[in-house]
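# Close look at the chain arrangement
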Amino acid sequence: SSGEPKELWTGSGHTAGVASVAYAPDGGLLATAGGDGALQLWTLDDAGRPAPGHRFDGQPRADKGGFSPLSAVAFTPDSRFVAATGADAVIRVFDVQTKAEVRGLRGHAEWATALAFGPGGRLLVSGGADGKALAFELTPQEGATPVGHMLKLNAVAVS
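This write-up is about the structure you can find in this document.

Basis of the calculations
- Residues numbered from 1 in each chain as written.
- Predicted model: local features only at pLDDT ≥ 70, side-chain atom pairs only at ≥ 80, totals over all residues.
- Heavy atoms only, no water.
- Core = buried A, V, L, I, M, F, W, Y, C linked by side-chain atoms within 4.5 Å.
- Buried < 20%, exposed > 50% of the residue type's maximum accessible area, 1.4 Å probe, protein only.
- Helix = DSSP H or I, 4+ residues; strand = E, 2+ residues; numbered from the N terminus.
- Contact = heavy atoms within 4.5 Å.
- Pairing = 2+ DSSP bridges.
- Axes fitted to C-alpha atoms, helices over the stretch in contact; angles between N-to-C directions.
- Lys, Arg positive; Asp, Glu negative; His and termini not counted.
- Salt bridge = Lys/Arg side-chain N within 4 Å of Asp/Glu carboxyl O.
- Polar contact = N/O pair within 3.5 Å; in protein donor to acceptor, adjacent residues only side chain to side chain.

Okay, the nonpolar core next. Grouped together as the largest cluster of nonpolar side chains are 15 residues, with contacts concentrated most on Ala 31, Leu 39, Leu 41, Val 73, Phe 75 and Val 82. Mapped by element, the contributors of at least two residues to this core are strand S2 (29-34), strand S3 (39-44), strand S5 (70-75) and strand S6 (81-86). Beyond its immediate chain neighbours, meaning those up to four positions away, Val 82 contacts Ala 31, Leu 39, Leu 41, Phe 56, Val 73, Ala 74, Phe 75, Arg 92, Val 93, Phe 94 and Val 96.

Next up on the list: the sheet that holds S3. Ordered by their spatial adjacency, 4 strands build an open sheet running S1-S2-S3-S4, and the pairing between neighbours is antiparallel. Only two strands of the sheet have a single partner each, and these edge strands are strand S1 (18-23) and strand S4 (50-56). Taken pair by pair, the neighbouring strands of this sheet meet at an average axis angle of 25°, ignoring direction. Of the strand pairs in this sheet, S3 and S4 are connected by 5 bridges, and their pairing is antiparallel.

Before going further, it helps to examine the side chain of Asp 130. Looking at the secondary structure, you find Asp 130 in the loop between strand S10 (123-128) and strand S11 (133-137). Despite being buried, Asp 130 has no salt bridge partner; Lys 132 is the closest side chain of opposite charge, sitting 4.7 Å away. Here Lys 132 takes part through its backbone nitrogen, which lies 3.1 Å from a polar atom of the side chain of Asp 130. Once residues lying within four places of it in the same chain are set aside, the contact partners of Asp 130 are Gly 107, His 108, Ala 109 and Glu 110.

With that settled, the discussion passes to the sheet that holds strand S9 (residues 112-117). If you walk across this open sheet you meet the 3 strands as S9-S10-S11, and the pairing is antiparallel. The open sheet terminates on both sides in strands that have one partner only, identified here as S9 and S11. Within the sheet, the average angular offset between the axes of one strand and its neighbour, ignoring direction, is 20°. Bridge analysis of S10 against S11 gives 5 bridges, and the strand direction is antiparallel.

Here it is in structure tokens:
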């Protein structure tokens, strides 16, 4: 063994470029999002190989047809919810179990480009092309089970 990394899998669940990927913290799911506007969930086997799971369809574009591209995806620490955002500047939070959209968060004036959940799962921070970083506090049923304390969020990356 040379110690070189080897490719284990190639996925093609999108019809346009993939801009963001995230593993669910419990290790059972992978999420991909990109230019076709879809949020694709993948179930992982014991070897870590993904198989297509639920697909959340993209949001139709009002101006020129097609779907609004996505640029960021993130899971809550308990893996129950997944959030995605992109060109329409709306952050959508989906329940992984019920496959329902539970929240649409607004506040960015331009393309939202980054997402991160805080360690407790209640705080969701986004970054956007408008130069803003926004923090949203989710209600208990939308975020992770509340804990006795919440760590401070130290950073969020914005491209």
